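Residues per chain, in single letters:
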Amino acid sequence: MKEIKKNFDYIFGEFLKFSKKGNIALLVNAIFEPFPTFLIALLSKNILDLFKRGAGLRFITRYLLYFTILLFAINLVVNFSYNIFWPIVVKFRFSKLTHLGELAMKMDYSLLENYSVMEEFEIAKSSSSDNQKGFAGYVLNSNKILKGIVGFFLNGAVLLYYLPFLIAPAIFVFVFSLKKSVKNSLFIHEKENYIIKECDRKENYFNDAIWDFSTGKEIRIFSMESILVRKLNCIFKEINLNVKVILTKENKLFFSNGLIWFIFEIATYLYIFILHINGKLSINSIVMLIMLISLFRQAMSQMIHDFSNLYKNSIEVSDYLSLFNKYSEKEGKGCNISNIKIKDIYEIEFKDVWFRYSDRSPFVLQGINFKLSNKEKFAIVGVNGSGKSTIIKLLLGLYKTSKGQILINGFDINNIEKKSLYSALSAMFQKTIIYSFTVAQNVAMASEFNRERVILSLKRADIYNVISGFDENVDKMMLKLIDDNGYVPSGGQSQKINFARTLYRGSPLFILDEPSAFLDPFSEERMLRTIVENSIDKVMIYISHRLTTVKFCDKIILLENGKIKEQGNFDEIMEKQGEFYNMYMSQKMLYLKD
């Protein structure tokens, strides 16, 4: 209960700050909604009493008219208040989901590769991604509980007058049923979390594979339908087993609670019948009491159900707050412990840098030492898995070195403000991500942009000839996820758009990771020429498997098993006739054969 009280204070404190109007509307809705059914129950006795006293038809008709007007006014207030607070509750939920997304985008990049962290996020996300769960569920169930309390007092006050013995056993039955329901809610929450953690992730992966355009070719060529369906069926079977356990538990609870309420109602009706036989209750009163007992029982049962859901919602909100408290402290931890701001990058130095992804994994970088000065072009080459991309991740501050130092302009990278670090560099990654934005927004990576600069960047990246063919030009939507007529670029075109991003940003440091992997030789040559032309006054780090493309670089290092095996400019490293020379000649002979 302490947890519910704590979360109640937090949620309604937040909801009050979010919208005072929403709080007032919610309160008004909860107070007024129980009245119509209560008044209708009283109406039956009043009408019978009027007939018994010999009231005229005109008087009764007028009475019913006034009563109908009153009910209409109350229902108007109920519906109007609901239509005010419900959209506000949904917006409130979206605000919490947005905050969770902001945390995910700002927290340490290394945590995004941790499955247990991602599972925590999925569980926390459920508290803000459904109107019946977490924040929205808590507010709505609080509204329902308040309605139940109002109904309890309205109906209970009349019942207390006629049947004073009724309240004590009713409260006993209520508390007994509530305890069982809360315990059941905890069990269901744990089972649902298991489904989210163990099943949903697997199901989403295989479903994405089935529906993803990029996997469609392999599925058809290799006839993968049977293996994917088999794996999905195994997951569905596991989900169904857990759902059956949940439903069995809920059915047992429904039966036990229903039985005790049934006994309570039967005993109450027998008592009313005895009072009537003894002449202590009129038929008119019995009709009213039967309706009020039914409403009273419904209010109590609904409150038990709503309290049970509220408890579950409270746990879901606790999961959300726990994750926020845990990872907001880690937001940028180890990469942003100071506020040194930089506008330019003119020197980069790796000093005895070692790195591994976890304490149990082997080192992927060992004793890396190199230094780049202003305007130097630096190439990193090596076979797959040699550590090339890891160096880039460290330079971007996405990971922290296990040992050693990375200095930028003489400052430890851990002491440089992340935003200023990112604004001083332009990175083109090996895997190109195209978003369901317009072409211009994909280049500028922002909603506001310089149109002329976007077009110039696309021209330099040798892709504007394609974009200019669209009626919308740079306002053309990309992909077909949002717009059925969206532009879906080829691998090479995606890489050119990625290159246009780098050119548009125009930062002091260019980082290019396999920028020409999907390009034909002619496009590759034009891109390399553009890279050289646009990086004259910049520091550049260039990663490539095609060793013929690194000739223009001032320095080259060859990585092997996380260590620098050879380094120098192109002529120096070729003169050594070592591993780089052998790789270069092997590629050259392959091109000559082709």
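What counts, and where the lines are drawn
Residues numbered from 1 in each chain as written. Predicted model: local features only at pLDDT ≥ 70, side-chain atom pairs only at ≥ 80, totals over all residues. Heavy atoms only, no water. Helix = DSSP H or I, 4+ residues; strand = E, 2+ residues; numbered from the N terminus. Rg over C-alpha atoms; globule rule 2.2 N^0.38 Å. Buried < 20%, exposed > 50% of the residue type's maximum accessible area, 1.4 Å probe, protein only. Contact = heavy atoms within 4.5 Å. Areas by Shrake-Rupley, 256 points an atom, 1.4 Å probe, with all protein chains shown as cover. Lys, Arg positive; Asp, Glu negative; His and termini not counted. Charge placed at Lys NZ, Arg CZ, Asp CG, Glu CD. Pairing = 2+ DSSP bridges. Axes fitted to C-alpha atoms, helices over the stretch in contact; angles between N-to-C directions. Right-handed = clockwise from strand over helix to strand, strands pointing away. Salt bridge = Lys/Arg side-chain N within 4 Å of Asp/Glu carboxyl O. pLDDT = per-residue confidence, 0-100. Core = buried A, V, L, I, M, F, W, Y, C linked by side-chain atoms within 4.5 Å. Patch = residues over 30% accessible without salt bridge, like charges linked within 9 Å, V, L, I, M, F, W, Y side chains within 5 Å. Polar contact = N/O pair within 3.5 Å; in protein donor to acceptor, adjacent residues only side chain to side chain.

Caption draft 1: Highlighting the overall build of the protein chain. A count of helices and strands for the protein chain gives 19 helices and ten strands. On C-alpha atoms alone, the protein chain measures out to a radius of gyration of 35 Å, which is more than a quarter above the 25 Å that the 2.2 N^0.38 rule sets for 594 residues. Counting across all 594 residues of the protein chain, residues that qualify as buried make up 46%. Of all intrachain contacts in the protein chain linking residues separated by at least 6 positions in sequence, the fraction that spans at least 24 positions is 75%. With an accessible surface of roughly 31,800 Å², the protein chain has 59% of that area assigned to carbon and sulfur atoms. Each charge class in the protein chain can be summarised by its mean position, and for the 75 positive and 60 negative side chains these summaries are 8 Å apart.

Caption draft 2: Region of the structure containing the sheet that holds strand β4 (residues 403–408). With antiparallel pairing, four strands are arranged side by side in an open sheet as β2-β1-β4-β5. In this open sheet, the two strands that pair with only one neighbour each are β2 (365–372) and β5 (411–412). As judged from the five bridges shared by strand β1 (residues 348–355) and β2, these two strands associate in the antiparallel manner. Within the sheet, the bridge partner assigned to E349 lies in β2 and is K371.

Caption draft 3: Spotlight on the packing of helix α1 (residues 2–18) against helix α2 (residues 20–32). Running from N to C, α1 and α2 cross one another at 115 degrees; their axes reach a closest spacing of 5 Å. Contacts from F12, F15, L16 and F18 in α1 reach K20, G22, N23 and L26 in α2.

Caption draft 4: Broad picture of unusual backbone geometry. One non-glycine residue, D462, lies in the positive phi region at around 65 degrees. For D462, the location among the structural elements is in the loop between α14 (451–460) and α15 (464–467). The phi torsion at L479 lies on the positive side, around 70 degrees, for a residue other than glycine. Of note, L479 is situated in the loop between α15 and α16 (491–505).

Caption draft 5: Molecular detail of the pairing of strand β7 (residues 509–513). The buried fraction of β7 is high, at five of five residues. By the alternation rule, side chains of β7 split into L509, I511 and D513 and F510 and L512, which are all buried. Relative to β7, strand β6 (residues 425–428) is paired through four bridges, and the arrangement is parallel. Pairing of M428 across the sheet is with L512, part of β7. Where β7 lies against strand β8 (residues 539–543), five bridges are found, and the strand directions are parallel. Counted as the bridge partner of L512 is Y542 from β8. A crossover links β7 with its parallel partner β8, the connecting element being helix α17 (residues 521–534), and its sense is right-handed.

Caption draft 6: The environment of E218, seen in detail. Looking at where E218 falls in the secondary structure, it is placed in helix α8 (residues 216–221). Excluding its chain neighbours within four sequence positions, the residues that come into contact with E218 are S223 and M224.

Caption draft 7: Focus on the sheet that holds β6. Ordered in space as β6-β7-β8-β3-β9-β10, the six strands form an open sheet in which the pairing is mixed. This sheet does not close on itself; its edge strands, each paired only once, are β6 and β10 (563–568). The sheet shows a mean angle of 15 degrees between the axes of neighbouring strands, direction not considered. Across the sheet, helix α11 (residues 388–395) touches β3 (377–382), β7, β8 and β9 (555–560), and the angle it forms with β8 is around 145 degrees. Sitting on the sheet, α16 is in contact with β6 and β7, with an inclination near 175 degrees to β6.

Caption draft 8: Region of interest: the pattern of salt bridges. Enumeration over the complete set of coordinates arrives at 18 salt bridges. Residues K17 and E14 are paired through a salt bridge, measuring 3.1 Å at the closest nitrogen-oxygen approach. Of the two residues, K17 and E14 are both situated in helix α1; the distance of three residues between them amounts to about one turn of the helix. Classification of E14 as partly exposed rests on a relative accessible area of 21%.

Caption draft 9: Looking closely at the confidence of the model for the protein chain. Of the residues in the protein chain, 96% have a pLDDT of 70 or more, and the chain-wide mean is 86. Ignoring residues within four places in sequence, the model shows residues 332–337, a span with pLDDT below 50, making 19 contacts including any to other chains.

Caption draft 10: A look at the nonpolar core. Residues L458, I556 and F580 are the most contacted members of the largest nonpolar core, which totals 43 residues. For this core, the element with the highest residue contribution is α16, accounting for five residues. Excluding residues that lie within four positions of it along the chain, L458 makes contacts with V439, V443, I463, Y464, I467, V474 and A500. The next biggest cluster of nonpolar side chains, apart from the first, holds 39 residues, and it includes I60, L154, A170 and L295.

Caption draft 11: Focus on the pairing of β8. Here β8 lies mainly inside the structure; five of its five residues are buried. Side chains V539, I541 and I543 of β8 all project onto a buried face; the interleaved residues M540 and Y542 project onto the opposite face, where all are buried too. Across four bridges, β3 lies against β8 in parallel orientation. Bridge pairing links F378 to I541 in β8.

Caption draft 12: Up close: a nonpolar patch on the surface. Taken together, the side chains of F255, L259, F262, I263, I266 and L270 define a hydrophobic patch exposed on the protein surface, amounting to about 620 Å² of accessible area. Relative to the elements of secondary structure, L270 occurs in helix α9 (residues 225–277).

Caption draft 13: Expanded view of the side chain of D412. With respect to the helices and strands, D412 occurs in strand β5. Despite being buried, D412 has no salt bridge partner; K400 is the closest side chain of opposite charge, sitting 7.7 Å away. Within the structure, D412 has its side chain in polar contact with the side chain of Q405 (distance 3.1 Å). Within the structure, the side chain of D412 is placed 2.8 Å from the backbone nitrogen of N414, a separation counted as a polar contact. Dropping the residues within four chain positions of it, D412 is found in contact with Q405, I406 and L407.

Caption draft 14: Looking closely at the side chain of K147. Examined against the element boundaries, K147 turns out to sit in helix α6 (residues 134–162). When near neighbours in sequence (up to four residues on either side) are disregarded, K147 contacts N29, A30, E33 and P34.

Caption draft 15: Structural detail: the environment of F273. Counting through the fold element by element, F273 comes out in helix α9. Expressed as a C-alpha distance, the spacing of F273 and I286, which sit 13 residues apart in the sequence, is 8.5 Å.

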